[in-house]
Amino acid sequence: MRKEEGAVLSWDFPLVPREVRALCPERRRCAPVLARRSEAMSRWGDQAGLLLIPPLLLALQLIVVWPRLPSAHRGGTGEQGEAVFSVISIEPETRQRGQPARGAGVRQDEKEGVQRGDGGRSEGLYEDENEMNSRQMGPNTLEMQPWVANMTFAAELNRILNYINNPQLNCSKVFSSGEALEPEPTAAPPRWLLCAEEWLLPTMTGPCIAYSFSMDGGDRHFQSTVSRLGCEVHSFDPSSSNTSGGHLGNSLASNGGGVVSRHKMWLEWRGSRKSKRKMRRNLGSVSLTLADIMAALGHHTVHFLYADLLSAEWRVFQNWIESGTLQHVHHVVATVNLQWAGFEVAGTDQEVLLYWFSVLQGLQASGLRLVHSSAGKGHTVLKRTLSDAHSSYTLSWVNTSL
């Protein structure tokens, strides 16, 4: 401010706009004008601040998320220049009672949408969850059976025991326990048996293929029996150090009838993302589905299959049903465990029993007919002690639809 000669004090300092100074030569007369202008500028400033919030939040999100993205996704392209997208499914999840929960027991790398290749290297792309389920299930879907009338534990278990204890096909001649090459009349109940009816055995003109999945050596009699039948035998045990080699050429190079090729791998129920061409080149993965193993070994048909999967059998059976793999398997010997629900099977006890029964019915719908059952040790079902049930059963089926 300055004092002009012969005049009152003025306030023409630079912070007051010129048009305001012209209208209000004295500061005290302009107080209302300045108050209204200050209020208008304050409102404009608030609105401008609100407009800046979304860009700031977006920038903050990019700063936090960007370092966590896989390197293959940062550049916007995947292998061979393929565009990469992250798709998040928001479709509501629905499932019937008794079905295994989709999220239960899922491996961490599967949750993240990343598959592991040779040497544990990440080589997959993210994909839609619905697409993953359709690939794993294949052309069919496991049909859940209706509940019994009163939906009790005893009633649901009784249906399963009725199925297990009542064979659906009577074989007059059988192979069992590797004791003889010639079929024998059915004698004392063995642990397992193979139906030796002529129309159910492999033809003499084509190759005979047998698979065995076991970690405790309990399949040695099975291997002996099918080997003496002249079958090409493949034994799968991820805990064994005595293998024929992980590659296809090493596994089958010297394998004629009666020779067992050993593989350090196991059965999987989740679909693989590798192409069939890659599958044929290498069997080095820890676990594969039965369909992928057959494709890798170049087998269209498996005539005899033995599986003791240590409580993974229920989900593996479901994979066989839904993928249609059972259309290429003639004889199946498998142990079912009832002590607990099994891997990736969730729900109440009644729901688990309903799921088990639905799987058994799915095997029957796929063409498998039960020819023999043998009870294991123990009397525990879903952690309950029951005198009229056993903890495990070894079941023998033959596929009559082929």
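Here the structure is a predicted model, which is why all the values come from computation and not from measurement.

On to the side chain of S214. Relative to the helices and strands, S214 resides in the loop between β4 (209-213) and α7 (220-228). When its relative accessible area of 4% is taken as the criterion, S214 is described as buried. At 2.8 Å, the side chain of S214 and the side chain of D216 are in polar contact. Setting aside anything within four residues of it in sequence, one finds S214 in contact with D219, F236, D237, W266, Y306 and D308.

A separate point is the side chain of S235. Assignment of secondary structure puts S235 in strand β5 (residues 232-236). In contact with S235, other than residues within four places in its own chain, are S212, D219, Q223, V260, S261, R262 and H263.

The next thing to look at is the confidence of the model for the protein. For the protein, mean pLDDT is 74; residues scoring 70 or higher make up 58% of the total. Mean pLDDT per element in the protein: helix α8 (residues 248-252) is the minimum at 36, and strand β12 (residues 380-381) is the maximum at 98. Counted against residues more than four places away or in other chains, residues 1-13, with its pLDDT under 50, gives 19 contacts.

This part covers helix α12 (residues 349-365). For α12, which comprises 17 residues, the first-to-last C-alpha distance of 24 Å matches the rise-based estimate of 24 Å (1.5 Å per residue) to within 8%. Of all 17 residues in α12, 13 are buried; the element is thus mostly enclosed. Count one or two residues on from α12 and you reach G367, which has phi positive near 110°.

This part takes up the state of the cysteines. In total, this model carries 2 disulfides according to the counting rule given. The partner cysteine of C171 in its disulfide is C195, sulfur to sulfur 1.9 Å. One disulfide, between C171 and C195, carries an S-S torsion of -110° and so falls in the left-handed class. One end of the pair, C171, is in the loop between α6 (153-164) and β1 (173-175); the other, C195, is in strand β3 (residues 194-195), with 24 residues separating them in the sequence. The same class applies to C171 as to C195, namely buried.

This paragraph deals with the packing of helix α11 (residues 313-323) against α12. As a packed pair, α11 and α12 sit with axes 10 Å apart at the nearest point and diverge in direction by 40°. It follows that α11 is oblique to α12 by the angle criterion. For the pair α11 and α12, the sense of crossing is left-handed. Seen from α11, the contacting residues are W314, R315, F317, Q318 and I321; seen from α12, they are Y355, W356, V359, L360, G362 and L363. For the contact of α11 with α12, the per-class residue count stands at 8 nonpolar, 2 polar and 1 charged.

All right, on to the environment of V333 then. Mapped onto the elements, V333 comes out in strand β10 (residues 329-337). Using a relative accessible area of 1% as the deciding quantity, one classes V333 as buried. When the C-alpha atoms of V333 and L370 are compared, they prove to be 9.8 Å apart, with 37 residues separating the residues in sequence. Here V333 is in contact with W192, L193, L194, L305, Y306, A307, T394, L395 and S396, once residues within four sequence places are set aside.

Attention now goes to α11. In terms of burial, α11 is a largely internal element, 10 of the 11 residues being buried. Those residues of α11 that sit buried are E313, W314, R315, V316, F317, Q318, N319, W320, I321 and E322. Immediately beyond the C-terminal end of α11, within one or two residues, lies G324, with a positive phi of roughly 80°.

Turning our attention to the pairing of strand β14 (residues 392-399). Across the 8 residues of β14, 8 count as buried, placing the element largely inside the fold. Side chains S392, T394, S396 and V398 project from β14 onto one buried face, and the interleaved Y393, L395, W397 and N399 project onto a second face that is buried too. Examined bridge by bridge, β10 and β14 share 7 bridges and lie antiparallel to one another. By the bridge assignment, V332 is partnered in β14 with W397.

So, about the packing of aromatic side chains. Using the criterion set out here, one finds 11 aromatic pairs in the structure. Between the aromatic rings of W314 and W356, the centroid separation amounts to 5.1 Å while the plane-to-plane angle is 15°, which identifies the pairing as stacked. Note that W314 is positioned in helix α11 and W356 in helix α12, a separation of 42 residues in sequence. Geometrically, the ring pair formed by F317 and W397 is edge-to-face, given 6.0 Å between the ring centres and 85° between the ring planes. With F317 in helix α11 and W397 in strand β14, this residue pair connects regions lying 80 residues apart in the sequence. The pair formed by F317 and W397 is uniform in burial state, with each residue classed as buried. The structure contains a cluster of three or more aromatic residues connected by ring pairs, namely W314, F317, W320, W356 and W397. Seen from the ring of F153, R384 lies directly overhead, with NZ or CZ sitting 3.9 Å from the centre.

Criteria and cut-off values
- Residues numbered from 1 in each chain as written.
- Predicted model: local features only at pLDDT ≥ 70, side-chain atom pairs only at ≥ 80, totals over all residues.
- Heavy atoms only, no water.
- Helix = DSSP H or I, 4+ residues; strand = E, 2+ residues; numbered from the N terminus.
- Buried < 20%, exposed > 50% of the residue type's maximum accessible area, 1.4 Å probe, protein only.
- Polar contact = N/O pair within 3.5 Å; in protein donor to acceptor, adjacent residues only side chain to side chain.
- Contact = heavy atoms within 4.5 Å.
- pLDDT = per-residue confidence, 0-100.
- Expected span 1.5 Å × (residues − 1).
- Disulfide = S-S within 2.5 Å.
- Axes fitted to C-alpha atoms, helices over the stretch in contact; angles between N-to-C directions.
- Parallel < 35°, antiparallel > 145°, perpendicular 65-115°, else oblique.
- Left-handed = near helix turned anticlockwise from the far one by under 90°.
- Nonpolar A, V, L, I, M, F, W, Y, C, P; charged D, E, K, R; others polar.
- Pairing = 2+ DSSP bridges.
- Phe/Tyr/Trp six-rings, centres within 6.5 Å; stacked < 30°, edge-to-face > 60°.
- Lys NZ or Arg CZ within 6 Å of the ring centre and 35° of its normal.

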